[in-house]
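# Overview (structure and organization)
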Amino acid sequence: MSAEHSIRELLEKGEFVWAPCVYDCLSARCAELVGHNAVLVSSCELEYAMNGIPAGMYNWEEYIYAAERICNSTKLPVIIDGENGGGTPMQVYRNVKRLAEVGAMAISIEDTNSGAFATGYTYASGYGYMDAERWAANVQAAVEATKGTDCMIIARTDCKGGGAPQTGAIAKFGGMGLEEAIRRAEMGYQAGAEITMIQNICHADCEDECREISRRLSKPGRYLFYPDVHATDGKPDATLEQMQEWGFHLVSNHVAMKGAARGMLEFFRENFKNKNTVYSENHEIDPTGEFNIGHEFHLFKFENYIALDKKYRAYEEELRAKNGK
């Protein structure tokens, strides 16, 4: 399976891209079923799925393998949270090239020294941020690696500091402020990226920062990514309509891992308490029948594989008959 549309096609049509964070094939398929137009492979959610290995520590073979499976499981274009891409321009070039080859439609390259390895979900790193020139060289290498493909590069800077208090996303190792973040984002555009993301603007009362970013960075052919929309006290920090008014074109949000964990804990707890499976059996995956899933959880159809299996078995039997066996 491959994406029906690229991120570029969606943006050029003027479609606002809402890409919820996913971590496996099943979460990507669920996002597709409910109507999203893209998904984003979250390094944060993937690290939980990989036994809590921080994103800066699992190796790129693991990450590329996960990306390949997810890209092949959905018709939606897949964005990859590429961390710092490996840290040096040639490492970034190689890793980004391979991610684009397995089907990624956009890849973010950030300016932290050790990927997202952090404590307390800080959008920062105990090793700080790489200097702007090294990061810009990494972005240029990523752009070069995607030449001839449909993949776009997102120049992401985490250096601003601050963030959404309700998630604990406060940079504990010192941010550099909005001015430096905007300067770096401009460097990202100059290095060839078509999309920029300034992290830690996702908080209540973010309008002034967002409008300033848009005023300073918006030009034809450039796109702005609003990171991980949150909610405070039951109210979205920003609505999709506001983001578009402020000049943003893409947004992500975390939901898959939280939803999966809560659902699994509920089902396991009730079944364990009741010493049977009545609770889970009585709760259909799709109670409204909207997605025609049925009692069994078959979000992925196996008809093509079954048809191929029958074809090959028939051929095998035909050869046996010809050979008198």
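Please refer to the structure higher up on the page.
The structure reproduced in this document is the subject of the present report. Please read all numbers here as calculations on a predicted model, not as lab measurements.

For the protein, the helix and strand inventory stands at 12 helices and 11 strands. With 325 residues in all, the protein has 47% of them scored as buried. Approximately 16600 Å² of the protein is accessible, and the part contributed by carbon and sulfur atoms is 53%.

Within the secondary structure, Thr196 is located in strand β7 (residues 195–198). For Thr196, the side chain forms a polar contact with the side chain of Tyr189, separated by 3.0 Å. Residue contacts for Thr196: discarding those within four places in its chain leaves Ile154, Ala155, Ala185, Tyr189, Leu217, Tyr223, Leu224 and Phe225.

Moving on: the pattern of salt bridges. Between side chains of opposite charge, pairing is possible as soon as their charged atoms come close. Per the counting criterion, the structure on display carries 25 salt bridges. For Glu179, the salt bridge identified is with Arg216, shortest N-O distance 2.6 Å. In this pair, Glu179 sits in helix α7 (residues 178–190) while Arg216 sits in helix α8 (residues 207–217), placing the two residues 37 residues apart along the sequence. Looking at Glu179, the relative accessible area reads 51%, which means it is exposed.

A word on helix α4 (residues 60–71). Along an α-helix, a turn takes 3.6 residues, which lines up residues three or four apart on a common side. The end-to-end C-alpha separation of α4 is 16 Å, in line with the 16 Å expected for 12 residues at 1.5 Å each. Among the residues of α4, Tyr63, Ile64, Ala66, Ala67, Ile70 and Cys71 are the ones counted as buried. An end-on view of α4 places all buried positions within 160 degrees of arc, on one side of the element. Contacts from the buried residues of α4 go to β1 (17–22), α2 (25–34), β2 (39–41), α3 (43–49), β3 (78–81) and α5 (89–101).

Our focus in this paragraph is the environment of Asp81. Mapped onto the elements, Asp81 comes out in strand β3. By relative accessible area, which is 9% here, Asp81 ends up buried. Separated by 40 residues in sequence, Asp81 and Val41 have C-alpha atoms that sit 6.0 Å apart. In this structure the side chain of Asp81 is engaged in a polar contact, spanning 2.8 Å, whose partner is the side chain of Ser43.

Another point: the packing of α7 against α8. Two numbers describe a pair of packed helices, the interaxial angle and the distance between the axes. Direction vectors running N to C along α7 and α8 enclose 35 degrees, while the axes themselves pass 11 Å from each other. Relative to α8, the crossing made by α7 is right-handed. Touching Leu178, Glu179, Ile182, Ala185, Glu186 and Tyr189 of α7 are Glu209, Glu212, Ile213, Arg216 and Leu217, all from α8. The residue inventory of the contact of α7 with α8, partitioned by class, reads six nonpolar, no polar and five charged.

Turning our eyes to something else, we now look at the side chain of Arg222. By the element assignment, Arg222 lies in the loop between α8 and β8 (223–226). Of the residues examined, Arg222 reaches a relative accessible area of 13% and is grouped as buried. A distance of 3.0 Å separates a polar atom in the side chain of Arg222 from the backbone oxygen of Leu217.

Another aspect to go through is a nonpolar patch on the surface. A surface patch of nonpolar side chains, about 360 Å² in accessible area, is lined by Phe302, Tyr305 and Ile306. Here Tyr305 shows up in helix α12 (residues 303–322). Look at Tyr305 and you get exposed, because its relative accessible area is 63%.

This part is about the nonpolar core. Ranked by internal contacts, the top residues of the largest apolar core, which has 36 residues, are Ile80, Val96, Ile107, Val139 and Ile153. For this core, the secondary-structure elements that each account for two or more residues are α2, β2, α4, β3, α5, β4 (106–109), α6 (132–145) and β6 (152–157). In this view, Val139 contacts Ile153, Ala155, Gly188, Ala191 and Ala193; residues no more than four positions away in its chain are not counted. Judged by nonpolar contacts, the second largest core, of 22 residues, contains Phe16, Val229, Ala238 and Trp246.

Closest axis-to-axis distance for the α6/α7 pair is 9 Å, and the angle between their directions is 35 degrees. In the packing of α6 onto α7, the handedness of the crossing is right-handed. Taken together, the residues of α7 that come into contact with α6 (itself represented by Ala132, Glu133, Trp135, Ala136 and Val139) are Glu180, Arg183, Arg184, Ala185, Met187 and Gly188.

In space, the eight strands of this closed barrel follow the order β1-β2-β3-β4-β6-β7-β8-β11, with parallel pairing throughout. Strand-to-strand twist in this sheet, taken as the mean axis angle between neighbours without regard to direction, amounts to 25 degrees. Note that β2 and β3 share three bridges and pair parallel. Within the sheet, the bridge partner assigned to Val39 lies in β3 and is Val78.

Turning to unusual backbone geometry, a few remarks are in order. Glycine aside, the phi torsion of most residues is negative, and most peptide linkages are trans. The backbone of Asn200 sits at a positive phi, close to 70 degrees, despite the residue not being glycine. Residue position: Asn200 is located in the loop between β7 and α8. The backbone of Lys275 sits at a positive phi, close to 60 degrees, despite the residue not being glycine. Here Lys275 is to be found in the loop between α10 (256–274) and α11 (278–281). On the basis of relative accessible area, Lys275 is assigned to the exposed category, the value being 67%.

Conventions used here
Residues numbered from 1 in each chain as written. Predicted model: local features only at pLDDT ≥ 70, side-chain atom pairs only at ≥ 80, totals over all residues. Heavy atoms only, no water. Helix = DSSP H or I, 4+ residues; strand = E, 2+ residues; numbered from the N terminus. Buried < 20%, exposed > 50% of the residue type's maximum accessible area, 1.4 Å probe, protein only. Areas by Shrake-Rupley, 256 points an atom, 1.4 Å probe, with all protein chains shown as cover. Polar contact = N/O pair within 3.5 Å; in protein donor to acceptor, adjacent residues only side chain to side chain. Contact = heavy atoms within 4.5 Å. Salt bridge = Lys/Arg side-chain N within 4 Å of Asp/Glu carboxyl O. Expected span 1.5 Å × (residues − 1). Arc of directions from axis to C-beta. Axes fitted to C-alpha atoms, helices over the stretch in contact; angles between N-to-C directions. Left-handed = near helix turned anticlockwise from the far one by under 90°. Nonpolar A, V, L, I, M, F, W, Y, C, P; charged D, E, K, R; others polar. Patch = residues over 30% accessible without salt bridge, like charges linked within 9 Å, V, L, I, M, F, W, Y side chains within 5 Å. Core = buried A, V, L, I, M, F, W, Y, C linked by side-chain atoms within 4.5 Å. Pairing = 2+ DSSP bridges.

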